[in-house]
Amino acid sequence: IYQCDWSSDVCSSDLVNFANFGINSVSLTPTSITYSQALGLKAEGISSVNAGVKLVLDAAAIPASYSANASASLKLALGQLSALGLTQVGVASEVGSLSALQVKDILGASSSITFAPGTQVNLAGTTTTLADATLYSNKGLTLQNLDTIGVSSISLSDALSLSAKGAHFADPGGSPVVVSGVAGATLTLSQAQQVLAASNTGVSFSRSEEHTSELQS
């Protein structure tokens, strides 16, 4: 295992070919690595990096003009980089928020990929299903400009996860959204208020006769 410090610029140097020295695994001292740097490591024969390193998608990964070719290249590269152990993804400041298409491409590259805290997906102008919104939320994304999701019922876990990430939901018929899975659960007052605020048509917490939910302040 080769220990590498990006501040020395040796890891990303074209003068180094790790494979020639029988090195295929590196331990990186920084907590993040750019997409371009990661591709450089792979090109030099590295097949494994230490856990806990965030892959930052820069303009090389997400160009301003995101074409079909850029999409295909990103999916192929991320599939290979995730195999190195780079499974937590963030974005560089010049990229900003991701589009729904870009998120689909990223998640399509590997099921093991998750997003670093604060990574946003801009859902303006897109039709987002409950399944999509739940997936984005569970993968760590913050939902930006999400139109209201039309649902008549939603599980408590999904309601908490989605409302925490900025999602809103409403019953298409105007009735309160039924929140299921509450039986035996313990909710804090702030969690209940969070779910209530996320529904545009109100909320009905479904409970069985044997169990009741509990609100705690």
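Below you will find a few notes about this structure. If you're wondering where the values come from, they're calculated on a predicted model, not measured in any experiment. (Residues numbered from 1 in each chain as written. Predicted model: local features only at pLDDT ≥ 70, side-chain atom pairs only at ≥ 80, totals over all residues. Heavy atoms only, no water.)

## Quick word on the pattern of salt bridges
When charged atoms on two side chains of opposite charge get close, those side chains can pair.
Piece 1. Here the structure, examined in full by the defined rule, presents 1 salt bridge.
Piece 2. Note that Asp105 is salt-bridged to Lys75, the shortest N-O span being 3.9 Å. With a gap of 30 residues between them, Asp105 in helix H3 (residues 100-109) and Lys75 in helix H2 (residues 68-83) connect regions that are remote in the sequence. (Salt bridge = Lys/Arg side-chain N within 4 Å of Asp/Glu carboxyl O. Helix = DSSP H or I, 4+ residues; strand = E, 2+ residues; numbered from the N terminus.)

## Describing the environment of Ser180
Piece 1. Looking at the element boundaries, Ser180 is found in strand E14 (residues 177-180).
Piece 2. Classification of Ser180 as partly exposed rests on a relative accessible area of 30%.
Piece 3. In sequence terms Ser180 and Ile154 are 26 residues apart; their C-alpha atoms lie 6.1 Å from each other.
Piece 4. Aside from chain neighbours lying at most four places away, what touches Ser180 is Ile154, Ser155, Leu156 and Ser206. (Buried < 20%, exposed > 50% of the residue type's maximum accessible area, 1.4 Å probe, protein only. Contact = heavy atoms within 4.5 Å.)

## A few points about the packing of helix H5 (residues 156-164) against helix H6 (residues 189-198)
Helix packing geometry: the angle between the two helix axes and the distance between the axes.
Piece 1. Contact geometry for H5 and H6: axes closest at 9 Å, N-to-C directions at 75°. One way to sum up the angle between H5 and H6 is to call them roughly perpendicular. When H5 is examined against H6, the residues Ala159, Leu160, Ser163 and Ala164 are found in contact with a partner set consisting of Gln191, Gln194, Val195 and Ala198.
Piece 2. Along the lines of polarity and charge, the residues of the contact of H5 with H6 split into 5 nonpolar, 3 polar and no charged. (Axes fitted to C-alpha atoms, helices over the stretch in contact; angles between N-to-C directions. Parallel < 35°, antiparallel > 145°, perpendicular 65-115°, else oblique. Nonpolar A, V, L, I, M, F, W, Y, C, P; charged D, E, K, R; others polar.)

## Observations concerning the side chain of Thr119
Piece 1. Tracing the backbone through its elements, the reader meets Thr119 in the loop between strand E8 (114-115) and strand E9 (120-122).
Piece 2. A polar contact is formed between the side chain of Thr119 and the backbone oxygen of Ala116, at a distance of 2.7 Å. (Polar contact = N/O pair within 3.5 Å; in protein donor to acceptor, adjacent residues only side chain to side chain.)

## Remarks on the nonpolar core
Piece 1. In terms of nonpolar packing, the biggest core is built from 55 residues, with Leu57, Leu78, Leu143 and Phe169 touching the most fellow members.
Piece 2. Ignoring anything within four residues of it in the chain, the contact list for Leu57 reads Tyr35, Ile62, Leu78, Val89, Gly90, Val91, Ala92, Val95 and Ile106. (Core = buried A, V, L, I, M, F, W, Y, C linked by side-chain atoms within 4.5 Å.)

## A closer look at the sheet that holds strand E12 (residues 153-155)
Piece 1. The strand order across the open sheet built from 3 strands is E12-E14-E16, with neighbouring strands paired in parallel fashion. For this open sheet the edge positions go to E12 and strand E16 (203-205), each flanked by a neighbour on one side alone. Across the sheet, the mean angle from the axis of one strand to that of its neighbour is 30°, orientation sign disregarded.
Piece 2. As judged from the 3 bridges shared by E14 and E16, these two strands associate in the parallel manner. Within E16, the residue paired with Val178 across the bridge is Ser204. (Pairing = 2+ DSSP bridges.)

## Things to note about the sheet that holds strand E5 (residues 54-57)
Piece 1. Read across the sheet, 4 strands follow the order E3-E5-E6-E8 without closing on themselves; strand pairing throughout is parallel. Looking along the sheet, the strands with just one partner apiece sit at the ends: strand E3 (32-34) and E8.
Piece 2. Strand direction decides the pairing type here: E5 and strand E6 (residues 88-91), joined by 4 bridges, are parallel. Bridging across to E6, Leu55 finds its partner in Val89.

## Some words on the pairing of E5
Piece 1. Pairing analysis gives 3 bridges linking E3 to E5, with the strands arranged parallel. Looking across to E5, one finds that Ser32 is bridged to Lys54.
Piece 2. With respect to chirality, the unit in which E5 leads through H2 into the neighbouring parallel E6 is right-handed. (Right-handed = clockwise from strand over helix to strand, strands pointing away.)

## A few points about the packing of helix H1 (residues 35-43) against H2
Piece 1. The contact between H1 and H2 brings their axes to 11 Å, and the two run at 60°. When the axes of H1 and H2 are compared, the pair comes out oblique. The interaxial crossing formed by H1 with H2 has left-handed handedness. Listed contacts from H2 to Tyr35, Ala38, Leu39 and Lys42 of H1 are Ser73, Leu74, Ala77, Leu78, Gln80 and Leu81.
Piece 2. Taken together, the residues that form the contact of H1 with H2 break down as 7 nonpolar, 2 polar and 1 charged. (Left-handed = near helix turned anticlockwise from the far one by under 90°.)

## Remarks on H6
Piece 1. Listed as buried for H6 are Ala192, Val195 and Ala198. Seen from one end, H6 has its buried residues packed into an arc of 130°, which puts them on one side. (Arc of directions from axis to C-beta.)

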